[in-house]
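Here are the chains, one letter per residue:
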Amino acid sequence: QVQLVESGGGLAQPGGSLRLSCAASGFTFNSYAMSWARQAPGKGLEWVSGIFSDGINRYYADSVKGRFTISRDNAKRTVYLQMNSLKPEDTALYYCGKAKSFLLDWGGLHRVEAYDYWGQGTQVAVSS
């Protein structure tokens with residue numbers, strides 16, 4: 001079965017950095033786009049960043065562009081999110097997700113509805 005296990009969350013100060021990891025198993029990892037999404041208290045799931053299966057084309061929500069970097073290592077079956085210049089509004093539970101279709105294009109990459117599995121999440125808190 002599909003398993004997505006996030007790690008690396010924690011407490012950071014404003015301006016600090018965290019690196020999240022998502023270990024994937026149970027599917028052909030290198031065939032699927034992957035994304036990170038987050039959910040702050042009282043809010044819906046917000047797409048943050050996505051990466052296509054080749055690891056080359058990467059996209060970001062405007063709120064994190066220039067601060068976060070998504071990457072993947074297909075050999076390790078792992079996707080990462082490097083978060084720099086953290087802000088208090090980045091506080092959320094962060095999830096990684098697997099695209100439902102290996103034919104996913106940009107039209108679906110940024111839509112949380114295009115992902116059929118999400119991990120359990122890792123908590124990120126940004127405060128002083």
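Let us look at the structure shown here. Just so we're clear, the structure is a prediction, and the values are computed from it rather than from any experiment. The residue numbers shown here count from 1 along each chain, following its written sequence. Since the coordinates come from a predicted model, pLDDT governs what is reported: local features require at least 70, and pairs of side-chain atoms require 80 or more to be given and counted, while whole-chain, interface and lining totals use all residues. Computation of side-chain values covers all heavy atoms of the structure but excludes hydrogens and water.

1. Section: the pattern of salt bridges
Any two side chains of opposite charge can pair if their charged atoms end up close together.
Inference 1: Salt bridges are defined by distance alone: a side-chain nitrogen of Lys or Arg within 4 Å of a carboxyl oxygen of Asp or Glu. Tallying each qualifying case throughout the model produces five salt bridges.
Inference 2: Its salt-bridge partner being Glu46, residue Arg38 comes within 2.9 Å of it at the nearest N-O pair.
Inference 3: Here Arg38 falls in the buried class, since its relative accessible area comes to 7%.
Inference 4: Residue burial is assigned from relative accessible area. The probe radius is 1.4 Å, only protein chains are included, and a residue is buried under 20% of its type maximum, exposed over 50%, and partly exposed in between. Given a relative accessible area of 32%, Glu46 falls into the partly exposed group.
Inference 5: Between Asp90 and Arg38 there is a salt bridge, with its nearest N and O atoms 2.9 Å apart. Here the residue Asp90 occupies a position in the loop between β8 (78-83) and β9 (92-99), and Arg38 occupies one in strand β4 (residues 34-39), the gap between them amounting to 52 residues.
Inference 6: Three or more residues joined by partner-sharing salt bridges are found here, namely Arg38, Glu46, Arg67 and Asp90. The secondary structure listing takes helices from DSSP runs of H or I that are at least 4 residues long and strands from runs of E that are at least 2 residues long, numbered from the N terminus.

2. What about the nonpolar core?
Inference 1: Side-chain atoms within 4.5 Å are what join buried Ala, Val, Leu, Ile, Met, Phe, Trp, Tyr and Cys residues into a set we call a nonpolar core. Within the largest apolar cluster, 28 residues are counted, with the highest numbers of intra-cluster contacts made by Trp36, Leu81, Met83 and Tyr94.
Inference 2: Counting only elements with at least two residues in this core, the list comes to β3 (18-25), β4, β5 (46-51), β7 (68-73), β8, β9 and β11 (122-126).
Inference 3: Of all the elements, β3 adds the most residues to this core, at four residues.
Inference 4: Those residues in contact with Met83 that lie beyond four places of it in its chain are Gly16, Ser17, Leu18, Leu20, Arg67, Phe68, Tyr94 and Val124.
Inference 5: If you look at the next biggest cluster of nonpolar residues, it comprises eleven residues, including Ala37, Phe52, Ala61 and Leu109. By definition, residues are in contact when any of their heavy atoms lie within 4.5 Å.

3. Points about the environment of Leu45
Inference 1: Tracing the sequence through the fold places Leu45 in the loop between β4 and β5.
Inference 2: Residue Leu45 is classed as partly exposed on the basis of its relative accessible area of 31%.
Inference 3: C-alpha separation for the pair Leu45 and Val112, spaced 67 residues apart in sequence, amounts to 7.5 Å.

4. Structural notes on the sheet that holds β7
Strands belonging to one sheet form pairs held by backbone hydrogen bonds; the direction of such a pair is parallel or antiparallel.
Inference 1: Here we have four strands laid out as an open sheet, ordered β1-β3-β8-β7, and antiparallel in their pairing. The open sheet has two edge strands, β1 (3-7) and β7, and neither has a second partner. Within this sheet the neighbouring strands show an average axis-to-axis angle of 15 degrees, counted without direction.
Inference 2: Two strands form a pair only when DSSP identifies at least two bridges running between them. Relative to β8, β7 runs antiparallel, the two being bridged by six bridges. Paired with Ile70 across the strands is Leu81, a residue of β8. Only the contacting stretch of a helix is used when fitting its axis, a line to C-alpha atoms as for every element, and angles between N-to-C directions run 0 to 180 degrees.

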